[in-house]
Amino acid sequence: MKTSLYRVILACGLVLAALVVPVGVAGAAELTDLNGRKVSVADQVRKISIDDGRFLVALSLIQPDPVQWLSAWPRDVHRIGEATYAQFLAKFPALRSVPQVASSAGSFNLEAVLSAAPDVAVVSVGSGPTEAQTAQLKAAGIPVVFIDFFDNPFKNQEPSLRILGQLTGGQARAEAFIAWRRAHVDRIAQRVARLAPNARPTVFLEAHAGMTGDCCNSPGKGNMGEYIDFVGGHNIGADVLKAPTGKLNIEYVMSRDPQVYIATGGAHLEKAGGLVLGAGYDAARARASLAAVAQRQGIATLSAVKTGRTFGLAHQLINSPIDIVAIEAFATWIHPELFKDVDPAKTLAEINSRFLAVPYQGAGWTSLK
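Residues numbered from 1 in each chain as written. Predicted model: local features only at pLDDT ≥ 70, side-chain atom pairs only at ≥ 80, totals over all residues. Heavy atoms only, no water.

## Some remarks on the domain arrangement of the protein
Taken domain by domain, the protein comprises domain 1 (31-168) and domain 2 (196-367). For domain 1 versus domain 2, the separation of C-alpha centres amounts to 28 Å. Listed by partner, the interface residues are 25 residues for domain 1 and 20 residues for domain 2. Of all residues in domain 1, the largest losses of buried area upon contact with domain 2 belong to Leu61, Gln87 and Phe154, amounting jointly to 34% of the total for that side. Applying the counting rule to domain 1 against domain 2 returns zero salt bridges. (Domains from an automatic or database assignment. Contact = heavy atoms within 4.5 Å. Buried area = accessible area lost by both parts, 1.4 Å probe. Salt bridge = Lys/Arg side-chain N within 4 Å of Asp/Glu carboxyl O.)

Printed below as a string of structure tokens:
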């Protein structure tokens, strides 16, 4: 009886706290991050810092106002795109005044995080603070939690989203999105499992197509190459690149003559004359850009270009918490008959309507056909 009464009192107290404090929820006192560390966090997390702007997109899947949770962010606008940043500002003007910390692409700035005083510092696997800096933050009452949506997306996306859900009280929305995404992923996996070993078309994925005059940025083993393998393709980059990313020379690409060519790009390639698409670009501009990229020396001779099996994808979609859109696009490009009923545009529309606080807009992908 005493236990039941205590639970009632506790529940009432939590409800009252939620009414009194608009930001901050009761949550688990301990969680396991993506580096396998057991981390103790406050029962009442009100503010977090993030070291990657794409974490803001992840937060917007599970929070109606993701910006209110930020004590600091890296303001790495290029990672989400200028147009997407403008959309966030239009809906959440407070983003403009959120303090800045270092991006995961650079060196960790301990002083900036200490100054921002988050309840939790959320950082990227593979970067973030050193052990000594982590100890200093802990001593200052700021636990450090590592998450990852990009280095190993198939393994790490779900637990990373769960961690953000735990920290911000968005567990229910996180689980809803995870279940929804898993159903879409499983549909593809079940069909690919029935493919014969020799029924995997060769695929060349050129990341940041047209960024420089030399060729060619490519995934190797892991990273974006995982998407190609998952949907039943054969990534020619993985045959020679043992790291997650690297460079292929054009002679190698031409000698392999891939059946499918996929280029990624975005607004960050506008000045370089590379592939531009995504938020801020319409279908005509995206297709014209892909056509120009495909006519470069060496690339134009590929069978994939001559037969029209040439495609472009916004890089922000593949390095993204909403990567299921990219997965489905890859599936329809690499196995069009097997996945003729799969519609990434419909999938994106559902993500926009059901989950994202700031809907994704613009031509996220295109093709020469």
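## Considering the sheet that holds strand β7 (residues 120-124)
Ordered by their spatial adjacency, four strands build an open sheet running β6-β5-β7-β8, and the pairing between neighbours is parallel. The open sheet has two edge strands, β6 (70-72) and β8 (144-147), and neither has a second partner. For this sheet, the mean inter-axis angle between neighbouring strands, taken without regard to orientation, is 35°. Alignment of β7 against β8, held across four bridges, turns out to be parallel. What sits directly across from Val123, in β8, is Phe146. (Pairing = 2+ DSSP bridges. Helix = DSSP H or I, 4+ residues; strand = E, 2+ residues; numbered from the N terminus. Axes fitted to C-alpha atoms, helices over the stretch in contact; angles between N-to-C directions.)

## Notes on helix α6 (residues 131-139)
Every buried residue of α6 is listed here: Gln133, Thr134 and Leu137. Within α6, the buried residues cover an arc of 105° as seen down the axis, which keeps them to one side. Turned more than 90 degrees away from the buried face of α6, the exposed residues are Glu131, Ala132, Lys138 and Ala139. Considering only its buried residues, α6 is in contact with α5 (110-116) and β8. Among the residues trailing α6, Gly141 stands out with phi positive, at a value near 85°. (Buried < 20%, exposed > 50% of the residue type's maximum accessible area, 1.4 Å probe, protein only. Arc of directions from axis to C-beta.)

## Digging into the packing of helix α7 (residues 153-168) against helix α8 (residues 171-192)
Close contact between α7 and α8 brings their axes to 7 Å; oriented N to C, the two are set at 160°. By the angle between their axes, α7 is roughly antiparallel relative to α8. Judged by the twist between their axes, the crossing of α7 over α8 is right-handed. Of the residues in α8, those touching α7 at Pro153, Gln157, Glu158, Leu161, Arg162, Gly165 and Gln166 are Gln171, Ala174, Glu175, Phe177, Ile178, Arg181 and Arg182. Classifying every residue of the contact of α7 with α8 by side-chain character gives five nonpolar, four polar and five charged. (Parallel < 35°, antiparallel > 145°, perpendicular 65-115°, else oblique. Left-handed = near helix turned anticlockwise from the far one by under 90°. Nonpolar A, V, L, I, M, F, W, Y, C, P; charged D, E, K, R; others polar.)

## Considerations on the confidence of the model for the protein
If pLDDT is low for a region, its predicted coordinates should not be looked at in detail. Here the protein averages 90 in pLDDT, and 92% of its residues register 70 or above. A low-confidence stretch, residues 1-28 (pLDDT under 50), is modelled with 21 contacts involving residues beyond four sequence positions or located in other chains. (pLDDT = per-residue confidence, 0-100.)

## A closer look at the sheet that holds strand β13 (residues 260-265)
To summarise the sheet geometry, strands pair through backbone hydrogen bonds and adopt either a parallel or an antiparallel arrangement. What the five strands build is an open sheet, ordered β11-β9-β13-β14-β15; its pairing is mixed. Both edges of this open sheet fall to β11 (234-235) and β15 (365-367), since each of them pairs with a single strand only. Two strands pair when backbone bridges link them, and strand β9 (residues 202-206) and β11 are joined in this way by two bridges, in the parallel orientation. Its bridge partner being in β11, Val203 is matched across the sheet by Asn235. On top of the sheet, helix α14 (residues 324-334) reaches β9, β13, β14 (310-314) and β15; it is set at about 180° to β14, its chief contact.

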